[in-house]
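# Descriptive structure summary
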Amino acid sequence: MKVLVIGGGGREHAICFKIAKSSRVEKIYCAPGNAGIAEIAECVPISTMEFEQLAEFAKEKKIDLTIVGMDEPLAAGIVDVFEQNGLRIFGPRKNAAVIESSKAFSKDLMKKYNIPTAAYEIFHKADEALSYLHTINYPVVLKADGLALGKGVLICNTLEEAIDGVNTLMLKKQFGTAGNTIVIEEFITGPEVSALCFCDGTTIKLMTSAQDHKRAKDNDEGLNTGGMGTFSPSPFYTKEIDEYCHTHIYQPTIDAMKKEGRSFIGVLFVGLMLTKDGPKVLEYNARFGDPETQVVLPRMKNDIVDVFEACIDGRLSDITLEFEENAAVCVVLASGGYPEHYEKGFPIHGLKHFKNKEGYYLFHAGTKEENGEVVTSGGRVLGVTALGKTLKQARANAYEATDWIHFEKQYMRHDIGKAIDEI
Ligand code: AMP
Ligand code: GLY
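Remember, predicted model here, so these are calculated numbers, not experimental data.

Formed by 50 residues in total, the largest nonpolar core has its most connected members in I78, Y250 and L272. Among the elements that take part in this core, helix α9 (residues 239-259) stands out by supplying seven residues, more than any other.

So this is what it looks like as structure tokens:
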């Protein structure tokens, strides 16, 4: 089989790595890919939003299956374009990807189908949102309706902060049209868990649990980022919680989407908060998580191509997803200054230490090759993942491996997975 992967970050490197393990795959292409992906796939210089060109490429190369890693092309309908061209592709169509691309849609879906989530109101006009702010308790959470690279969520402790927030989202349009509509939501607390699930439109199956670390600095300080590290499984995510989530969240969500005429085929990533009143949905994503994928896929035993195909063909109920009885930790190596201003183009040293080291993986996120050398090309540069029998062991292994890599202005968090010591 020939497979095409769309995207070029750590998530797509982990997806390519897992596809490369399939005995059914003879060739992987990745658009646009990165310097790490180039070791296992042929990178193709087509942008992820040029659907017609991507479809032409897939036809020309006789690609059997395309996998989409990123949210933006899914939200803009890449799956619909490929299907119109008679091409096989794994991911939700535009009318189902809306579960991620509109928070107002997903909140209304949850309300309509009694899926547990924080209480909320939706506003299309700034003056109405501003008057509402005077009637509620604080803290409160403001969310831009549209895609905003995970940054359109503001937690406001006071009325003044919330007024500022509404102005930023709706009037100054810091996140562009994503802020035309906002959700104002009850502030809830508890451990957060990322639940990545395969879906075939009717059946939904959880892979395994993971936890992300979104803040830039140790002890969850600093700005929100795309994710500074992750671990899997989450010790908070017990068997009882899993059963509850399956019955009250996962299956009802997939049933609701089907009932709405928006059958969801692909990966549904449910962002959960385990509150004292039970698990609640913080958000849905219509794709694999990044960096969660970098700890979930190295633990997966199945041939992932079989699972992709079962989802597309509506046969997921025949598949038993299997994961190793171990743990994985991923520490992101970023470029100093991320998520704000950072420099690019620094040579990366030590990549060879990861060659043929069982249980250690180096996933490239922002790298490229320049004059025969691998250099940094993004804020999040590399994901260093290690396996271990326990989370503690996996964490020790991952941090040991971060020492093998050197580039100028290298930055990481030192407490990825540390909270698990306190359980
Ligand atoms: P989201 O993109 O909706 O997952 O939100 C980003 C982050 O904001 C989440 O990972 C939470 O840490 C936080 N957050 C979102 N919604 C709430 C809420 N209702 N209460 C407390 N924190 C929240
Ligand atoms: N790690 C969070 C996300 O992929 O959105």
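Moving on to helix α7 (residues 126-133). All of the buried residues along α7 are A126, A129 and L133. For α7, the angular spread of buried residues about the axis comes to 65°, placing them on one side. Those residues of α7 that are buried are in contact with β6 (120-123), α8 (159-171) and β9 (182-186).

This part takes up the site of ligand 1. Close contacts around ligand 1 come from 14 residues, with E185, E186, I188, E192 and E283 the closest. Within the contact set of ligand 1, an oxygen atom lies 3.0 Å away from a side-chain nitrogen or oxygen of K143. Residue E186 places a main-chain N or O atom 2.9 Å away from a nitrogen atom belonging to ligand 1. Here ligand 1 loses 91% of its free accessible area of 470 Å² to cover by the protein chains. Split by residue class, the shell around ligand 1 holds seven nonpolar, no polar and seven charged.

Bringing the sheet that holds strand β3 (residues 42-43) into the picture now. Strands belonging to one sheet form pairs held by backbone hydrogen bonds; the direction of such a pair is parallel or antiparallel. Within the open sheet, the five strands sit side by side as β3-β2-β1-β4-β5. Their pairing is parallel. Each edge of the open sheet carries a strand with a single partner, namely β3 and β5 (89-90). Pairing geometry for strand β2 (residues 27-32) and β3, over two bridges, is parallel. Residue C30 lies in a different strand from β3, and its bridge partner there is C43. Seen against the sheet, helix α1 (residues 10-20) touches β1 (2-7), β2 and β4 (65-68) and runs at an angle of roughly 170° to β1.

What follows covers the pattern of salt bridges. What the rule picks out here adds up to 22 salt bridges. Between E185 and K107 there is a salt bridge; the shortest N-O distance is 2.9 Å. Here E185, found in strand β9, pairs with K107, found in helix α6 (residues 103-112); they are 78 residues apart in sequence, far enough to count as distant. Judged on exposure class, the residue E185 and its partner K107 are both buried.

Analysis parameters
Residues numbered from 1 in each chain as written. Chains lettered and ligands numbered in written order. Predicted model: local features only at pLDDT ≥ 70, side-chain atom pairs only at ≥ 80, totals over all residues. Heavy atoms only, no water. Core = buried A, V, L, I, M, F, W, Y, C linked by side-chain atoms within 4.5 Å. Buried < 20%, exposed > 50% of the residue type's maximum accessible area, 1.4 Å probe, protein only. Helix = DSSP H or I, 4+ residues; strand = E, 2+ residues; numbered from the N terminus. Arc of directions from axis to C-beta. Contact = heavy atoms within 4.5 Å. Near = heavy atom within 4 Å. Polar contact = N/O pair within 3.5 Å; in protein donor to acceptor, adjacent residues only side chain to side chain. Areas by Shrake-Rupley, 256 points an atom, 1.4 Å probe, with all protein chains shown as cover. Nonpolar A, V, L, I, M, F, W, Y, C, P; charged D, E, K, R; others polar. Pairing = 2+ DSSP bridges. Axes fitted to C-alpha atoms, helices over the stretch in contact; angles between N-to-C directions. Salt bridge = Lys/Arg side-chain N within 4 Å of Asp/Glu carboxyl O.

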